[in-house]
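# Observations on the model geometry
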Amino acid sequence: MASGTVREFDPETFALDKYIEKLSTSDPRTGIGPLRKMTVEPFDPRALLETFERSIQVLGELAERNQRRVEKLEHVCAKQEHEHNGRIAELEGTYREAFEEFQTLEDRITYVATKVVHLGDQLEGSNNRRMRAMEAIDLMKYLDEFKTKPRPNLIVFTDPGRKLEAAALINKLQSLTAELPNNDMYAKVRRHIFTKYAETEQLLVNEFIESLRSLDSRRMKEYAVALQPFGKGSGQVVTEYIHHNIPIQKFTSVDEMVVKVEKLCKKVYVQVVDIFDNAEVVMSKFIQSLLERVLQKFVDEDLGPLMASVNERERYLKRLYDLYVKMMELHGKLGKYEMSLDMAYLAKLMRVVLFHKYLSNYAEMEAQHLTAVTTRTLEVFNVRMGISRKRAAGPGGGGSAGVQGRPDETYVSMEVCTNVLHEAKESIRRASALLMDKELSVLVRELYFIVLDKLCIEHFLTALEIAQSADPKSSPTGLFCLVVGGVNSSMHLIEKLYRDTVVPCISYAPEATKCLERKRETTLKLESKIEAGIERSLTGMVGTIKNFLSSCQKKTDFKPDDMALPALTDACQKVVAYIMECRRVLDMSLDGKNLEVVLLEFGIRIQRVIYDHVQQFVISENGAMNIICDMNEYRKAVKEFSSPFLDELFGSLQALCNIFIVKPENLPQVCSEEPYVSW
């Protein structure tokens, strides 16, 4: 253990249990561990204690030795720290002096640089004045040449490789002549220079055209830049470039045209940005020329013949819409190449250039088309059904109608309604794309009025009038109710058209108010007609019930001659079957509160008829059970009306019939009990 080191006590590897076990087994006198075989001595705890004590002593000596080493290292570190602090203090002074020297040097450099810059500016100004003076002298020499000769033999004008230099020179001379006095002395030189100016300008234009034909973008750019000071020539090369790139072939379809025009604009855009400095202006002129010379020609050739033909009205409107949508899609694609105009102006430009003459009377044509289509649809249906109008329906009311046809026809066609609404939706869809703001609101309102007049007035009112004037015997359950059912279903579709299609397109408040007022007026007319017809139908239904009761009810039903089991009478069975059929028809015809009100009124009238009917008979004790069975069946039938009031009403009628089985002497007692006591 005397040779122990601090490394054995490393916190990461040291384990107290293992260390104690190592001490215990290292001395053979302890009698434990692998060395116990070397002695015959038994286990001796004193020997183990001595081993531990020696180990503790050795550890103490090791701790003292390590402590001395630590103190020595601390002393060395403190000495080195003191030395380093001294050196740092010396370096700080040196650094401070160096920084001050550098600051002084920087100030000196700044001062010198300022002087150098000022001197450079002076030299540059002097050089510029010298260059301008030299240039002025050269211009004077050239001006003197033009003073004596209309076409001086100067190498700058005769050398083909110096065309650009000649262009710059003649442009300066032309500017110089503008500053000369306006007298006869300089008229000759001014005329000579202008002639050369025009020749040079045309030469540059010709060179640009030649480069354009050979697709040499580099030379085109050089000549385009050289021609910028020349007003006429600069515009001429732009015009030549645009004419060269405008396609002359015909397109087989609008899709082909859109694809090719977009590709052309993309190619031209890349060239224009590379060749011309004023690329925005050039691209704007190119697209305007494209609209006027290509797109407008295509639109006129496509729409012109259709517009002139009266029989092609529907095809014309569809084609106009398709072309307009395609052109607006093309507008969105061209917008990224049209840099000088915003998207809204480009769309307006396309609308005016391409479609102005077609949109001027579009609203009138669309309204006429919808009127013609709906009229034709109704005429086909009326002919098939045998309906003839005796007088035409006005814009706000219907005419009387005569009919010949099968009695089970309702004369309201869901197919007609859906066809008309489909045509109206198509018209509004076209209008919402082709028109804007007030024009769109006015046309959509007019289209909605056409739908109301054709369907609600001419179609629905006609069907209601026919059903109202029909013989009740031809439809015992009420032809009018069946017609009302068809009208009710169709009105839901018209309301959906108004809510989903008409309202979103009308942004002009007065037109929206007109639509709402016409909708309310038309609805009131239909409701008035339906209310009168329902009243007549209910009267007819109740009359049929009376006929069943009077013709099928026998006096012996409630006063039989012999004893028999209670059973429903024939009259009751027929009446109940008829009531259920009427209930089914009313369910098909009405809904919501309207159905509840009509069923309540129908049930009250049925109860009144049955009550009056029962009072006409003499009822025996044996027949009382039959009438109770009938009343129970009537109550079960009316229970299908889902009306608590009717259930209570027929319950009272059944309770009243129960009195027929009560013996006379028990009547006072029965009448003093419920439900009779509350009557």
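Residues numbered from 1 in each chain as written. Predicted model: local features only at pLDDT ≥ 70, side-chain atom pairs only at ≥ 80, totals over all residues. Heavy atoms only, no water.

### Quick notes on the overall build of the protein chain
Within the protein chain, the regular secondary structure consists of 21 helices and 2 strands. Among the 679 residues that make up the protein chain, the fraction classed as buried is 38%. As displayed, the protein chain has an accessible area near 39800 Å², and 55% of this comes from carbon and sulfur atoms. (Helix = DSSP H or I, 4+ residues; strand = E, 2+ residues; numbered from the N terminus. Buried < 20%, exposed > 50% of the residue type's maximum accessible area, 1.4 Å probe, protein only. Areas by Shrake-Rupley, 256 points an atom, 1.4 Å probe, with all protein chains shown as cover.)

### Looking at the nonpolar core
Counting 152 residues, the largest nonpolar core has F276, F286, L295, M327, F355 and F602 as the members making the most contacts within it. Tallying contributions element by element places helix α14 (residues 437-469) first for this core, with 18 residues. Residues contacting L295, with those up to four places away along its chain left out, are M257, V261, L290, M327, L330, M350 and L354. (Core = buried A, V, L, I, M, F, W, Y, C linked by side-chain atoms within 4.5 Å. Contact = heavy atoms within 4.5 Å.)

### As for the packing of aromatic side chains
Under the counting rule described, the total for this entry stands at 7 aromatic pairs. Between Y448 and Y498, the ring centres sit 5.2 Å apart and the planes meet at 35 degrees, which makes this aromatic pair tilted. Of this pair, Y448 sits in helix α14 while Y498 sits in helix α15 (residues 479-505); the two residues are 50 residues apart in sequence, bridging distant segments of the chain. Residue Y498 is classed as buried on the basis of its relative accessible area, which comes to 12%. Chaining the aromatic ring pairs together yields one cluster made of F208, Y241 and F276. Taking the ring centre of F449 as reference, the NZ or CZ of R518 above it sits at 4.1 Å. Between K519 and the ring centre of Y498, over which it is positioned, the NZ or CZ distance is 5.2 Å. (Phe/Tyr/Trp six-rings, centres within 6.5 Å; stacked < 30°, edge-to-face > 60°. Lys NZ or Arg CZ within 6 Å of the ring centre and 35° of its normal.)

### Considerations on the environment of K525
Along the chain, K525 turns up in helix α16 (residues 509-552). A sequence separation of 69 residues divides K525 from C456, and the C-alpha atoms of the two residues are 9.1 Å apart.

### Looking at the packing of α16 against helix α18 (residues 592-614)
Where α16 meets α18, the closest approach of the two axes is 10 Å, and the angle between their N-to-C directions is 30 degrees. It follows that α16 is roughly parallel to α18 by the angle criterion. With respect to the hand of their crossing, α16 and α18 are arranged in right-handed fashion. For the pair formed by α16 and α18, the contact residues are I534, E535, L538, T539, M541, V542, I545, K546 and L549 on the first element and V598, E601, F602, R605, I606, V609 and H613 on the second. (Axes fitted to C-alpha atoms, helices over the stretch in contact; angles between N-to-C directions. Parallel < 35°, antiparallel > 145°, perpendicular 65-115°, else oblique. Left-handed = near helix turned anticlockwise from the far one by under 90°.)

### Quick word on unusual backbone geometry
One non-glycine residue with positive phi stands out, namely L215, at about 60 degrees. Relative to the helices and strands, L215 is located in the loop between α5 (187-213) and α6 (217-226). L215 sits in the exposed class, given a relative accessible area of 57%. Here the phi dihedral of D437 falls at roughly 55 degrees; this positive angle occurs in a residue that is not glycine. Note on placement: D437 falls in helix α14.

### Side note on the layout of surface pockets
Roughly 700 Å³ of volume is contained in the largest pocket. Considering the residues around the largest pocket, the lining is formed by 25 residues, among which N488, E527, I530, L590 and N594 are closest to the centre. Elements supplying a minimum of two residues to the lining of the largest pocket: α14, α15, α16 and α18. Ranked by the residues each element gives to the lining of the largest pocket, the list is headed by α16, at 10 residues. (1 Å grid on protein atoms, 1.4 Å probe; cavity = no way out; pocket = protein on both sides within 12 Å on 5 of 7 lines; lining within 4 Å. Points joined across faces, edges and corners; volume = space filled by probe spheres on them.)

Nothing here speaks to function; it is geometry throughout.
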